Amino acid sequence: MDALSSFFAMGGYGGYVWPSYGLAVVVMVAVLVSSIRSAKARERELDLLQQMRPSRARRRATQETKAS
Amino acid sequence: MHRFANPARFMRIAALVYPWAVGVTILTLGAGLWLGLVGSPADYQQGESVRIMYIHVPSAWMGLFCYVSMAVCSAMALVWKHPLADLMARATAPVGAAFTFICLVTGALWGKPMWGAWWVWDARLTSMLILLFLYLGYMALADAFDDPQRGQKAAAILALVGVVNVPIIKYSVDWWNTLHQPASVVKMGGPSIDKTMLIPLMLMAVGFHAYWVVVLILRTRSEIAAAKVRTLRMAQVHAAGQAE
């Protein structure tokens, strides 16, 4: 237990060392999570749009009926 | 659609690289944290506070590395109109800003016990702060226009102009008197920085680069999807207009 508390004390610099590591972890995780979320959300949106889109064959068919 | 010059190849390569980049990030950061926090000795002058170095120094490198990659991508986008280059520049900016921010705050947390000041307006610190503002300006400008291409172009020009700042940061410790230790201390690699400190430092640096690859792939995928969505929506509006 003593070894652990001296580890967290960091020779009196604990108040500077741990916030440094904590900040790095928080910022890096935040950037990573937001990147994963936005990639997923936008790829889902794209999938939906592509599904909604009529297939090429059908579009050509409607164009032909319009032309005739 | 054709303007988004074949992102299919990017997607293929990204899918191959992604799991490796995730693995390297986890392994090197895990090992680097363990060696940095537990396995390395305290500094004979700075005591345990030297452990801030394992975050601060690689973050500073990443701040510069991301900026240079962003500027190279911006140049490619401006000169060759390569659309993927624009998207990758956009994808890198938040990572560079995040690391520059981490570098500045950990620098303050290291400066307080070692110099007695959270912040001094010397050349190294000020030029690093300007780097953060360049990132923020780039991101704001890229999103400031209704037409994303115009925003991209303006932001790319800002990124290129801002490159002047990179050598200023690098050599600020040689050109001006400063509290910040000179590069000789950072690369005291050879004789004076011990292997026990150099190895965790390098592991953290490799880990941060691998993390950058992971985030770059995710954000570029996201940008590609967004660009395709925009094109599809425009085609829909166009088709609706024609049908009427």
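Our subject is the structure listed above.
An account of the accompanying structure is given in this report. Everything numeric in this text was worked out from a predicted model, so none of it was measured.

So, the overall build of chain B
Within chain B one finds eight helices and zero strands. Secondary structure elements of chain B, listed N to C terminal, follow the sequence α-α-α-α-α-α-α-α. Within chain B, the fraction of its 244 residues that count as buried is 48%. Pairs at least 24 apart in sequence give 79% of the contacts found in chain B among residues at least 6 apart. Looking at chain B as shown, the accessible area adds up to about 12,000 Å², and 69% of this sits on carbon and sulfur atoms. Positive and negative charge centroids in chain B, built from 18 and 11 side chains respectively, lie 7 Å apart.

With respect to the overall build of chain A
When helices and strands are counted, chain A shows three helices and zero strands. For chain A, the sequential pattern of α-helices and β-strands runs α-α-α. Across the 68 residues that make up chain A, the buried fraction comes to 22%. Per element, the accessible surface of chain A, about 4,900 Å² overall, is 61% carbon and sulfur.

Quick word on the pattern of salt bridges
Scanning the model with the defined rule gives five salt bridges over all chains in all. With a closest N to O distance of 2.9 Å, Glu43(A) and Arg221(B) form a salt bridge. Of this pair, Glu43(A) sits in helix H2 (residues 14–52) while Arg221(B) sits in helix H8 (residues 195–243), each in a different chain. Relative accessible area serves as the criterion here: at 22%, Arg221(B) is assigned to the partly exposed category. The salt bridge involving Arg233(B) is made with Glu45(A); its shortest N-O contact spans 3.2 Å. Taken as a pair, Arg233(B) in helix H8 and Glu45(A) in helix H2 lie in two separate chains rather than in one. Given a relative accessible area of 31%, Glu45(A) falls into the partly exposed group. Among the charged side chains, a network of salt bridges with common partners joins Arg90(B), Asp143(B) and Glu223(B).

Thoughts on unusual backbone geometry
Unusually for a residue other than glycine, Met10(A) sits at a positive phi of about 50°. As for its placement among the helices and strands, Met10(A) is situated in the loop between helix H1 (2–9) and H2. For Met10(A), a relative accessible area of 2% gives the class buried. Notably, Lys81(B) is not glycine yet its phi reads approximately 55°, a positive angle. With respect to the helices and strands, Lys81(B) occurs in the loop between helix H2 (53–80) and helix H3 (83–115). Since its relative accessible area comes to 58%, Lys81(B) is described here as exposed.

A few points about the packing of H2(B) against H3(B)
Residues and elements named next belong to chain B. Two numbers describe how H2 lies on H3: the axes approach to 7 Å, and their chain directions differ by 155°. Relative to H3, H2 is oriented roughly antiparallel. Between H2 and H3 lies a crossing whose hand is left-handed. Of the residues belonging to the contact of H2 with H3, the class tally is 18 nonpolar, nine polar and one charged.

Quick look at the packing of H2(A) against helix H1 (residues 7–39) of chain B
Put simply, H2(A) and H1(B) touch, their axes get as near as 14 Å, and they point 165° apart. Relative to H1(B), the element H2(A) lies roughly antiparallel. Considering the relative orientation of H2(A) and H1(B), their crossing is left-handed. Along its contact with H2(A), which presents Trp18(A), Tyr21(A), Met28(A) and Glu43(A), the element H1(B) presents Met11(B), Leu29(B), Leu33(B) and Leu37(B).

Structural notes on the interface of chain B and chain A
Each partner contributes to the interface: chain B provides 40 residues, whereas chain A provides 30 residues. Note on chain B versus chain A: buried area summed over both sides is about 3,100 Å², and carbon and sulfur give 75% of it. On the chain B side of the contact with chain A, Leu37(B), Tyr211(B) and Leu232(B) bury the most area, a combined 18% of that side's loss. Counting across the interface, chain B meets chain A through two salt bridges.

Observations regarding H2(B)
Spanning 28 residues, H2(B) covers 40 Å between terminal C-alpha atoms, matching the ideal 40 Å at 1.5 Å per step. Just downstream of H2(B), Lys81(B) is the residue with a positive phi angle, here 55°.

Some words on a nonpolar patch on the surface
Residue and element names in this part refer to chain B. Together, Val68, Val72, Met76, Val79 and Trp80 give the surface a local cluster of nonpolar side chains, amounting to about 500 Å² of exposed area. For Met76, the position within the fold is in helix H2. Taking relative accessible area as the criterion, Met76 reaches 32% and is therefore assigned partly exposed.

Definitions and cut-offs
Residues numbered from 1 in each chain as written. Chains lettered and ligands numbered in written order. Predicted model: local features only at pLDDT ≥ 70, side-chain atom pairs only at ≥ 80, totals over all residues. Heavy atoms only, no water. Helix = DSSP H or I, 4+ residues; strand = E, 2+ residues; numbered from the N terminus. Buried < 20%, exposed > 50% of the residue type's maximum accessible area, 1.4 Å probe, protein only. Contact = heavy atoms within 4.5 Å. Areas by Shrake-Rupley, 256 points an atom, 1.4 Å probe, with all protein chains shown as cover. Lys, Arg positive; Asp, Glu negative; His and termini not counted. Charge placed at Lys NZ, Arg CZ, Asp CG, Glu CD. Salt bridge = Lys/Arg side-chain N within 4 Å of Asp/Glu carboxyl O. Axes fitted to C-alpha atoms, helices over the stretch in contact; angles between N-to-C directions. Parallel < 35°, antiparallel > 145°, perpendicular 65-115°, else oblique. Left-handed = near helix turned anticlockwise from the far one by under 90°. Nonpolar A, V, L, I, M, F, W, Y, C, P; charged D, E, K, R; others polar. Buried area = accessible area lost by both parts, 1.4 Å probe. Expected span 1.5 Å × (residues − 1). Patch = residues over 30% accessible without salt bridge, like charges linked within 9 Å, V, L, I, M, F, W, Y side chains within 5 Å.

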